[in-house]
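Below are the chains, spelled out letter by letter.
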Amino acid sequence: MSFDFQKKLEKTERFLGGLKFAVIVITIFSIFMIVGTFFESYYGTDFVNRTIYKRMPFMVVQLGIFISVFFAMMLRLPPKKRLYGFYAIHTGLIMIGCGSFITWFSGVDGTLSLDPNTPARKVVLTDDILRIIYHDDGKTVMRKLPYVAFETNIGDKYEDVTLGDFYPFAEKELYWRKGNNPYAMNASIHSSTYILSNPNVTQEFTLSLHPEAIEFEASARLGLLDVTYLPKNLVTCFGDNNPSGYIIWDSKESSCFTPESRSIEIKNTSEGNKFFVVNQDSKFYSFFPDFNPWPVDEKLEVIKDSHLRVFSKKLFEDKPNLFLFGENAAYFEDNKWHMKSLKDKASIITLPWMGLELVLKKHDNSKFPSFRPVATMPVQLNGSLIKGQTKALKIEVLGKEYWVLDDRPVTLRINGKKVSFVLDKEILTLPFEFVLTKFKMEKDPGTNKPASYESFVKLFTDKGPSDHHIFMNNPLKHAGFTFYQASYSQDPETGVYSSTLSVNVDQGRPLKYLGSLFLVLGAMGHYLLNKRKVKKSDSADILNLEKV
Amino acid sequence: MKAILSLLLLTISLSSFSIELHFCDQSLESLPIRQDGRIKPLKVHASEMLKYLTGKTKYEKLSSTVTFCLVSLKGMGIPNEVDLKTNIEHVDLIKTLELKDGEHRVSFEKLEENMTLIRSEWQKAEEHGSYKKSLASVLNKINLYKDIKSANNWLVPLVNSKDDVAWLPIGAYLTEEKVVKARETSDRPFLKVLKDSEEQYEKIVDKDFLIELTYVKMQLPLVALFLTFAGLITITLFRKFNIALVFAVLTVITQTAILAFRVYVSGRAPITNMYETVLFSGYGSLLLALVIGHFKKEKIYVFVGLAYNVCTLLMLNFAGGMLSSSISPLVPVLRDNFWLSTHVTTIILSYGALALSWVLANTVLIRKRFFSMSPADERYYSDLVYTCLKYGTVMLAAGIILGGVWADYSWGRFWGWDPKETWSLIVLCLYMAILHGKYTSWIPNGRFFLLVAAAFMSVMMAWFGVNYILATGLHSYGFSEGGAIFLGSFFAAQILVLALTYTRKDNQTHA
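Since we're looking at a predicted model, the values are computed, not measured. Each chain carries its own residue numbering, running from 1 in the written order of its sequence. Each chain is given a letter, starting from A, and each ligand a number, starting from 1, according to the order in which they appear as written. For a predicted model such as this one, the threshold for reporting local features is a pLDDT of at least 70, and the threshold for listing and counting side-chain atom pairs is 80 or more; totals across whole chains, interfaces and linings nevertheless cover every residue.

Draft legend 1. Quick peek at the overall build of chain B. A run of H or I in DSSP becomes a helix once it reaches four residues, and a run of E becomes a strand once it reaches two; helices and strands are each numbered from the N terminus. When helices and strands are tallied, chain B shows 21 helices and six strands. Taken over the C-alpha atoms alone, chain B extends approximately 85 × 55 × 50 Å along its principal axes. Counts of 20 or more other C-beta atoms within 10 Å of a residue's own C-beta define buried residues, counts of 12 or fewer define exposed ones, and intermediate counts define partly exposed ones; C-beta atoms are placed from the backbone. The burial tally for chain B puts 47% of its 511 residues in the buried class. We call two residues in contact whenever the C-beta atoms placed from their backbones are within 7 Å. For chain B, contacts bridging at least 24 residues in sequence account for 69% of all contacts bridging at least 6.

Dropping the structure here:
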């Protein structure tokens, strides 16, 4: 080793172990953290992890601190008694650094959802993946997606599939598009957006009859009001205040008629149930309209794929029911059905409930509403994202583009085979199984605030089943995994609780704990070993206290 | 209810005074009621509700208990003259309510009449805007007022046995049968029914809840403020250290009593909300100042401890909008007394120690700039500040690590970059940088005081800023509104002091 090189090496060592380098890396580290906390406040935890905390630049700064600590200690060897505390602090920091690295490199951090009495072993991890499921071949292909915060083009190709843009944070934008499949001219595939309002509430809702409008339904419940979206051609029969109140819908012809309009007699069975028979194309369709909308055949078997259906208006006269037919609306009031038109853009229908008014915002006979993702900056409020909750990946299959969303998989036929694309999280399958046998939720007396939530689980291993009780500050440790009570959810319909456990494997834990002990004891030792007394002059008494 | 009303009307004339006598007596303050998941004396609940609704704990000459009770009577169809008013500050809301110029106090009766309008405005207001928040706040207050007025807000005990106590809204509790029966033996039947309920509860269940009434009536935070202020005046104006020391010790005793009462009432360490952390930091810093001062034989620590304690006690007594003194049940994760009383107390004590360094650094800066100080004295005071920093940083490091261990134990991770933990680490990093610079004489004494005074802003950010400005993260137990202005004012005042006291000479005076 030449003298010059040796000198440069010593100089580098002095710089890396010196105060200037330490202050520089600590300052940069602090700046990163300050920015990180503000990012987290505005954009959420996932965003700040993707931009700062789990990115290379921040890790490099942490490595810089590690280097600074290491060389600071090296420079002060061989050991001196007054520096024993200093060595302990710096050894502690190095141990914490090593422990954290091990955790980052090989640790597991995920969640396990437990539904009551349902076996579970799949731990959901944090990485985004695309799952391509070849149903006919029984094969699944997984592709890990990049851990990024902004729109990124992946540009990968797998067989007939090309992966395009990936949006880690996206908003769903509503747009109206044409369908991919052909439809008959008179098919009832229309869609509409309405605004329902009174002085206290305003609600916009979109309903659709289009078969491809998978995100929209043909009915809605708005408070106490039930809204049903029906084919536009049904409106002609709805306005007939026919005595029976029955309407027959012919989906083949997209037309309707009433029993009265075709002089169909409505009879009573020996038990007093109403029935009538429709003769169409030399075939007889018997309806028991108060029991089933579908007709029955000669053998009294229900014909569920029949093009004829009966609709009984009388069933909807008691409660608030609003029927919408695209540009028309119907409701029952004062013992009769009222038909209102919304064809004129300025039309406002005043409904007989809670001062509600109805306006048609948009209507289309062939296009239907759909959502497409738009990359966005996420926005967080009160701990959860209010914007940018959707993840989206564009795929190209046989020259056509599709958007796979995390809540909307895409299923296609590729070369005659069924293939599904699912945007998901990476899954870790546990070598043992859990069953939630009981979930206990206690609330503060007289309130709805949870005081504690506890999971009683049965753990199935090779050695047989065992019972465990997991609650806040009382985790379960098994086979290197630790399970913590993290959260819970409640089925809004059944009221049944499900539990969410946080699952963790941390091989770096002992090092971090030991390092922490070294750090704190070292700091105390350092100050005890380096007591210094500065002499006080008479003028130093800035309070000018009375001498006693 | 109608029968009860008739009975009452037969008994009394309809003036507030007579109603007060017949029903809303001050003696009701000790009635046990259940609210917010715990049992407390009516006075405590009434004061908290009145403070929230009107910003005051009294209505004209009536106490909070009597006022609260009279408002509840309105729900039973008994009219009275109590007309509670709330403050309306938002300009747009003032316009919406068509208030006159300079009119900010609006009666709840008027707000109730305008509730449809307010709700409709709330529907239309821009999401997350200040107007929407203001409307939401007013709507919450109106709903609470209506709840009180409908006699549903306080639940009175119907004691069947020690383990079987049903809590009924006052409106439902006062049945005709009970009142008629009570009338046989008392000319104040309503009061008797309620006092009987209290007596039953105290006899069969327990009297523990009365401790809180004693605590509230003693007004210890005000006593502590008086004592610590007296101590500060004595040491600064009259220059009598021993008397100031007595005041300091009395303050510590008073604050220990406050903490002990709160521990007894809540059953957990008294450091679970902003009010308690501010209380504990002032208390801890004064205690630390006395200990350090004793061992270092340095009297100025007592002055510093008293000065910081005055600041915290002023906040506790007069910043009720920002710091609520009410004791509430904890979120499940915090229900671990061991970790709560180790991690949080260590962190708050470290803030107390760093606050001592902050007061001392500012004192020296002002002294240097507007009076004089020799380099030797500067060296001496930098050593005193350095001592505070040593205690502060060691406790902060220990507190962060204890928090990491608790987080690992509860959530399964030692470190998660949660804003509160990240800001604690930022504070530690900044103070470590200062300590390194000071230890190796890289930072001269003059600059050292400036840096120490400035660094306390990071403590305030970690302590208040994460809750009031960032308002995110897992340490959500302390979130509240109204602190941003306080924090902004603090930063502005500190920066002004730094700007006024900065001199070029600071960079040249070496240790």
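Draft legend 2. Looking closely at the overall build of chain A. Assigned secondary structure in chain A consists of seven helices and 32 strands. Based on C-alpha atoms, the radius of gyration is set beside the globule rule, defined as 2.2 Å times the residue count to the power 0.38. Taken over C-alpha atoms, the radius of gyration comes to 35 Å for chain A, far larger than the 24 Å a tight globule of 548 residues would show. With respect to the principal axes defined by its C-alpha atoms, chain A has extents near 115 × 75 × 55 Å. By residue count, 27% of the 548 residues in chain A fall in the buried class. Of the contacts made within chain A by residues no fewer than 6 positions apart, 55% connect residues no fewer than 24 positions apart.

Draft legend 3. Examining helix H20 (residues 445-470) of chain B more closely. We define the bend at each residue as the angle formed by axes fitted to the 7 residues ending at it and the 7 residues starting at it. Along its length, H20 of chain B shows its largest kink, about 60 degrees, at Phe464 of chain B. For H20 of chain B, a buried count of 19 out of 26 residues is recorded, marking the element as mostly surrounded by other parts of the structure.

Draft legend 4. Expanded view of the domain arrangement of chain A. Residue and element names in this part refer to chain A. Start and end points for every domain follow an automatic or database-based domain assignment. With domains assigned, chain A is organised as domain 1 (3-107 + 508-529), domain 2 (109-122 + 428-505), domain 3 (142-178 + 370-419) and domain 4 (216-341). Put simply, the middle of domain 1 and the middle of domain 3, counted by C-alpha atoms, are 39 Å apart. Residue-level contacts link seven residues of domain 1 with ten residues of domain 3. Secondary-structure elements contributing two or more residues to the side of domain 1 that touches domain 3 are helix H2 (19-43) and helix H3 (45-53). Per-element tally for the side of domain 1 that touches domain 3: the top contributor is H3, with three residues. Classification used: nonpolar for Ala, Val, Leu, Ile, Met, Phe, Trp, Tyr, Cys and Pro, charged for Asp, Glu, Lys and Arg, polar for all others including Gly. Taken together, the residues of the side of domain 1 that touches domain 3 break down into three nonpolar, two polar and two charged.

Draft legend 5. View of the sheet that holds strand E13 (residues 274-280) of chain A. Residues and elements named next belong to chain A. DSSP calls a pair of strands paired once it identifies at least 2 bridges connecting them. Taken in spatial order, the three strands line up as E12-E13-E14 in an open sheet, and their pairing is antiparallel. Single-partner strands in this sheet number two, and they are strand E12 (267-268) and strand E14 (283-287). Examined bridge by bridge, E13 and E14 share five bridges and lie antiparallel to one another. The residue bridging Val278 from the neighbouring strand is Tyr285, located in E14.

Draft legend 6. Spatial organisation of the domain arrangement of chain B. All names here are of chain B. If you check the domain split of chain B, you get domain 1 (2-204) and domain 2 (219-507). Each of domain 1 and domain 2 has a C-alpha centre, and the two are 39 Å apart. At the interface, five residues of domain 1 touch four residues of domain 2. Of the residues that constitute the side of domain 1 that touches domain 2, the class distribution is no nonpolar, one polar and four charged.

Draft legend 7. Structural view of the interface of chain A and chain B. Contacts between chain A and chain B engage 58 residues on the former and 61 residues on the latter. At the level of secondary structure, the elements contributing two or more residues to the side of chain A that touches chain B comprise H2, strand E22 (379-381), strand E28 (450-461), strand E31 (481-490), strand E32 (497-505) and helix H7 (509-529) of chain A. Among the elements that make up the side of chain A that touches chain B, the one with the highest residue count is H2 of chain A (14 residues). Residues that form the side of chain A that touches chain B fall into these classes: 30 nonpolar, 20 polar and eight charged.

Draft legend 8. Quick peek at the sheet that holds strand E18 (residues 336-341) of chain A. Residues and elements named next belong to chain A. Taken together, the five strands give an open sheet; going across it, the order is E8-E9-E16-E17-E18, and neighbouring strands pair in mixed fashion. Each edge of the open sheet carries a strand with a single partner, namely strand E8 (219-222) and E18. Each strand axis lies, on average, 20 degrees off the axis of its neighbour in the sheet, ignoring direction. One ladder, built from three bridges, connects strand E16 (residues 321-324) with strand E17 (residues 328-333); its direction is antiparallel. Note on method: axes are straight lines fitted to C-alpha atoms, helices fitted across the in-contact stretch only, with angles between N-to-C directions ranging 0 to 180 degrees.

Draft legend 9. Region of the structure containing the nonpolar core. Residues and elements named next belong to chain B. Val304, Leu306, Leu356, Leu360, Val385, Ala397 and Val452 are the most contacted members of the largest nonpolar core, which totals 129 residues. At 18 residues, helix H18 (residues 375-410) tops the list of elements feeding residues into this core. For this entry, the nonpolar core is defined as buried Ala, Val, Leu, Ile, Met, Phe, Trp, Tyr and Cys residues connected by C-beta atoms within 7 Å. Membership of the second largest hydrophobic core comes to 38 residues, among which are Val66, Val82, Ile118 and Tyr145.

Draft legend 10. Quick peek at the environment of Tyr246 of chain A. Residue and element names in this part refer to chain A. By secondary structure assignment, the location of Tyr246 is in strand E10 (residues 246-250). Through-space distance from the C-alpha of Tyr246 to that of Asp290 is 9.5 Å; in sequence the pair is 44 residues apart. If we skip the residues at most four places from it in the chain, Tyr246 touches Thr258, Pro259, Pro289, Val310 and Ser312.

Draft legend 11. Quick peek at the packing of helix H19 (residues 419-439) of chain B against H20 of chain B. Residues and elements named next belong to chain B. Packing of H19 against H20 leaves a shortest axis separation of 9 Å and a crossing angle of 175 degrees. Between H19 and H20, the angle is such that the two are roughly antiparallel. When H19 is examined against H20, the residues Pro419, Lys420, Trp423, Ser424, Ile426, Val427, Leu430, Tyr431, Ile434 and Lys438 are found in contact with a partner set consisting of Phe448, Leu451, Val452, Ala455, Ser458, Val459, Met461, Ala462, Val466 and Leu470. Looking at side-chain class alone, the contact of H19 with H20 contains 16 nonpolar, two polar and two charged residues. Angle categories: roughly parallel below 35 degrees, roughly antiparallel above 145, roughly perpendicular from 65 to 115, and oblique for all the rest.

Draft legend 12. Quick peek at H7 of chain A. The end-to-end C-alpha distance of H7 of chain A, which contains 21 residues, comes to 30 Å, matching closely the 30 Å that a straight helix rising 1.5 Å per residue would cover. Next to the buried residues of H7 of chain A lie helix H5 (84-106) of chain A together with H18 of chain B. A helix's residues, less one, multiplied by 1.5 Å, set its expected span.

Draft legend 13. Expanded view of unusual backbone geometry. Residues and elements named next belong to chain A. For the bond running from Leu77 to Pro78, omega is 0 degrees, close enough to zero to count as cis. Secondary-structure assignment places Pro78 in the loop between helix H4 (56-75) and H5. Here the phi dihedral of Ser263 falls at roughly 55 degrees; this positive angle occurs in a residue that is not glycine. Judged by the 6 C-beta atoms lying within 10 Å of it, Ser263 is exposed. Despite not being glycine, Asp334 shows a phi value in the positive range, around 50 degrees. Here Asp334 shows up in the loop between E17 and E18. Taking the number of C-beta atoms within 10 Å as the measure of exposure, Asp334 has 6 and is therefore exposed.

Draft legend 14. Expanded view of the confidence of the model for chain B. Residues and elements named next belong to chain B. What pLDDT reports is the predictor's confidence in each residue, on a scale of 0 through 100. Put simply, chain B has an average pLDDT of 87, and 92% of its residues get 70 or more. Across chain B, the secondary-structure element scoring lowest on mean pLDDT is helix H1 (residues 2-11), at 52, and the one scoring highest is helix H13 (residues 220-236), at 96. Here residues 12-17 is modelled with pLDDT under 50, and outside its nearest four sequence neighbours on either side it reaches nine contacts, counting other chains as well. Below pLDDT 50 for its whole length, residues 474-479 participates in 13 contacts with residues either more than four positions away or in separate chains. Confidence metrics for the complex model read pTM 0.83 and ipTM 0.85.

Draft legend 15. Structural view of the environment of Gly99 of chain A. Residue and element names in this part refer to chain A. With respect to the helices, strands and loops of the structure, Gly99 is situated in helix H5. Overall, Gly99 belongs to the buried group, with 22 C-beta atoms counted inside 10 Å. With residues up to four places along the chain from it excluded, the contact list for Gly99 reads Gly508, Arg509, Leu511, Lys512 and Gly515.

Draft legend 16. Region of the structure containing the packing of helix H17 (residues 337-370) of chain B against helix H21 (residues 483-501) of chain B. All names here are of chain B. Running from N to C, H17 and H21 point in directions that differ by 35 degrees, and their axes come no closer than 9 Å. Along this stretch, H17 crosses H21, giving a crossing that reads as left-handed. Where H17 approaches H21, its residues Asn362, Leu365, Ile366, Lys368 and Arg369 are matched on the opposing element by Val497, Leu500 and Thr501. Class assignment of the residues belonging to the contact of H17 with H21 gives a composition of four nonpolar, two polar and two charged. A clockwise turn of the near helix away from the far one marks a right-handed crossing, whereas an anticlockwise turn of less than a right angle marks a left-handed crossing.

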